[in-house]
Amino acid sequence: MIDRRAVLAASLVTAFASRSPEAFASAVSPDDGTIKLHGRRLEIVDLTHRLTRAFAFTPGRLSMEAVEGSGTGAGMRLNRLSIVEHTGTHLDAPRHFSPEGRSVGDLPIADLVVPLVVIDIRAKRQLDRDAQVGPEDLAAWEKKQGSLPAGCCVAMLSAWDPLAEVARYGSLSPEERRKSPGFSRAAADLLLKRDVRGIAVDTLSLDAGRDMPAYPVHQSWLRSGRWGLEAVANLDRAPASGAIIFVGAPPIAEATGIPIRAMALF
């Protein structure tokens with residue numbers, strides 16, 4: 001199994017060593033807006049990192065090449081895109097860890113437009129780079145917000161910025177480089193007993209660094225037929241409860257994952 005954090009970090013350090021911090025920041029600019037519906041003002045928050053070559057695996061860096069077509073003379077432009085499925089803000093389908101599981105193309109649209117629950121572990125993460133969403137965090141959320149809404153997505157807010165982490169990668173010890181927040185197996189086991197469609201993280205893996213490369217949360221969660229989102233952005237701009245998450249995933253047959261455009265509406 002690929003250690004995605006290590007591969008991403010190594011490739012980024014090589015490719016972007018000469019770039020300024022501003023260059024990294026430009027790839028993750030937040031986007032939001034408002035719409036009016038029957039006199040009500042609704043907020044829209046983009047939960048997606050802008051997909052650039054900064055999010056890459058080696059081999060398999062994002063590439064585009066022009067494709068010549070019959071409309072070229074009329075000014076038509078057409079590119080061939082090559083990318084690893086699990087790049088940038090993306091969806092993990094059950095098939096990612098279960099050969100017979102549902103692919104991205106098998107997921108019904110009703111499973112991809114669901115209530116959003118945001119579990120804030122930023123205080124824990126300040127004390128521990130390997131902080132996990134635990135049963136106590138789920139209990140604290142429900143004590144304050146009420147029961148988890150049926151068919152929801154439970155998202156971890158740790159304020160982890162993948163590109164910022166890469167920018168400081170060289171200053172970290174080898175032990176610290178392998179650390180990142182995620183869901184604990186105990187929390188995942190509790191959510192497996194509830195009506196939860198998916199889980200999401202703002203890091204590069206559903207599992208915390210301490211649990212790699214065994215990937216226990218990936219193993220249990222995806223094999224149950226549910227999906228996960230990784231590298232989700234701007235969760236701090238969404239409410240703890242009361243929002244709907246739209247997971248814009250093209251229904252590609254047999255895909256184990258796919259970069260997405262995720263949005264919160266509230």
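Up top you'll find the structure we're talking about.
The rules behind the values
- Residues numbered from 1 in each chain as written.
- Predicted model: local features only at pLDDT ≥ 70, side-chain atom pairs only at ≥ 80, totals over all residues.
- Heavy atoms only, no water.
- Helix = DSSP H or I, 4+ residues; strand = E, 2+ residues; numbered from the N terminus.
- Buried < 20%, exposed > 50% of the residue type's maximum accessible area, 1.4 Å probe, protein only.
- Contact = heavy atoms within 4.5 Å.
- Areas by Shrake-Rupley, 256 points an atom, 1.4 Å probe, with all protein chains shown as cover.
- Phe/Tyr/Trp six-rings, centres within 6.5 Å; stacked < 30°, edge-to-face > 60°.
- Lys NZ or Arg CZ within 6 Å of the ring centre and 35° of its normal.
- Pairing = 2+ DSSP bridges.
- Axes fitted to C-alpha atoms, helices over the stretch in contact; angles between N-to-C directions.
- Polar contact = N/O pair within 3.5 Å; in protein donor to acceptor, adjacent residues only side chain to side chain.
- Arc of directions from axis to C-beta.
- Core = buried A, V, L, I, M, F, W, Y, C linked by side-chain atoms within 4.5 Å.
- Salt bridge = Lys/Arg side-chain N within 4 Å of Asp/Glu carboxyl O.

## Considering the overall build of the protein chain
Part 1 of the argument: When you go through the protein chain residue by residue, the secondary structure sums to eight helices and 14 strands.
Part 2 of the argument: By the burial criterion, 48% of the 266 residues in the protein chain qualify as buried.
Part 3 of the argument: Taking the contacts inside the protein chain whose residues are at least 6 apart along the sequence as the reference set, 74% of them involve residues at least 24 apart.
Part 4 of the argument: As displayed, the protein chain offers around 12800 Å² of accessible surface, 55% of which is attributable to carbon and sulfur atoms.

## Points about the packing of aromatic side chains
Part 1 of the argument: Here the structure, examined in full by the defined rule, presents one aromatic pair.
Part 2 of the argument: Across from the ring centre of Tyr 169, 4.7 Å away, lies the NZ or CZ of Arg 177, which sits over that ring.
Part 3 of the argument: The ring centre of Trp 221 lies 5.0 Å from the NZ or CZ of Arg 226, which sits over that ring.

## Looking at the sheet that holds strand β6 (residues 113-120)
Part 1 of the argument: Overall, mixed pairing links the 10 strands, which are arranged β1-β2-β14-β12-β6-β8-β10-β11-β5-β13 in an open sheet. Bordering the open sheet on either side are β1 (32-37) and β13 (257-259), each of which pairs with just one other strand. Across this sheet, the average inter-strand angle for adjacent strands is 30 degrees, counted without regard to direction.
Part 2 of the argument: Summarising the sheet, β1 and strand β2 (residues 40-46) pair through six bridges and their orientation is antiparallel. For Thr 34, the partnering residue across the bridge sits in β2 and is Glu 43.

## Quick notes on the environment of Ala 264
Part 1 of the argument: Within the secondary structure, Ala 264 sits in strand β14 (residues 261-265).
Part 2 of the argument: Residue class for Ala 264 comes out buried when judged on its relative accessible area of 0%.
Part 3 of the argument: When the C-alpha positions of Ala 264 and Ala 243 are compared, they lie 6.1 Å apart, and in sequence the two are 21 residues distant.
Part 4 of the argument: Excluding anything up to four places from it in sequence, Ala 264 contacts Glu 43, Ile 44, Val 45, Leu 47, Leu 116, Ala 238 and Ile 244.

## Comments concerning the side chain of Glu 230
Part 1 of the argument: Relative to the elements of secondary structure, Glu 230 occurs in strand β11 (residues 227-230).
Part 2 of the argument: The exposure class assigned to Glu 230 is buried, which follows from its relative accessible area of 0%.
Part 3 of the argument: Engagement of the side chain of Glu 230 in a polar contact is seen with the side chain of His 90, the distance being 2.8 Å.

## A few points about helix α7 (residues 185-192)
Part 1 of the argument: Listed as buried for α7 are Ala 187, Ala 188 and Leu 191. One side of α7 holds all its buried residues, which, seen down the axis, span an arc of 100 degrees.
Part 2 of the argument: Structurally, α7 contributes buried residues whose contacts are with β7 (132-133), α4 (135-145), β8 (152-157), β9 (182-183), β10 (196-201) and α8 (216-223).

## Some words on the nonpolar core
Part 1 of the argument: Counting 28 residues, the largest nonpolar core has Leu 47, Leu 91, Leu 116, Trp 227, Leu 229 and Val 247 as its most contacted members.
Part 2 of the argument: Secondary-structure elements contributing two or more residues to this core are β6, β8, β11, β12 (243-248) and β14.
Part 3 of the argument: Aside from chain neighbours lying at most four places away, what touches Leu 47 is Thr 89, Leu 116, Val 232, Ala 233, Asn 234, Leu 235, Ile 245, Ala 262, Met 263 and Ala 264.

## A look at the pattern of salt bridges
Part 1 of the argument: Applying the stated criterion across every chain yields a total of 16 salt bridges.
Part 2 of the argument: We note a salt bridge from Glu 65 to Arg 80, for which the minimum N-O separation is 3.7 Å. Remark: Arg 80 occurs in strand β4 (residues 79-82) and Glu 65 occurs in strand β3 (residues 63-66); sequence separation between them is 15 residues.
Part 3 of the argument: Classification of Glu 65 as partly exposed rests on a relative accessible area of 45%.
Part 4 of the argument: Salt bridges sharing partners connect three or more residues here, namely Arg 129, Glu 165, Arg 168, Glu 176 and Lys 179.

## A word on the side chain of Glu 165
Part 1 of the argument: Considering the arrangement of structural elements, one finds Glu 165 in helix α5 (residues 162-167).
Part 2 of the argument: For Glu 165, a relative accessible area of 12% corresponds to the buried category.

## Describing α4
Part 1 of the argument: The complete set of buried residues in α4 reads Asp 137, Leu 138 and Trp 141. The buried residues of α4 occupy an angular sector of 100 degrees when the element is viewed end-on, so they sit on one face.
Part 2 of the argument: Where the residues of α4 are buried, they touch β6, α3 (122-127), β7, β8 and α7.

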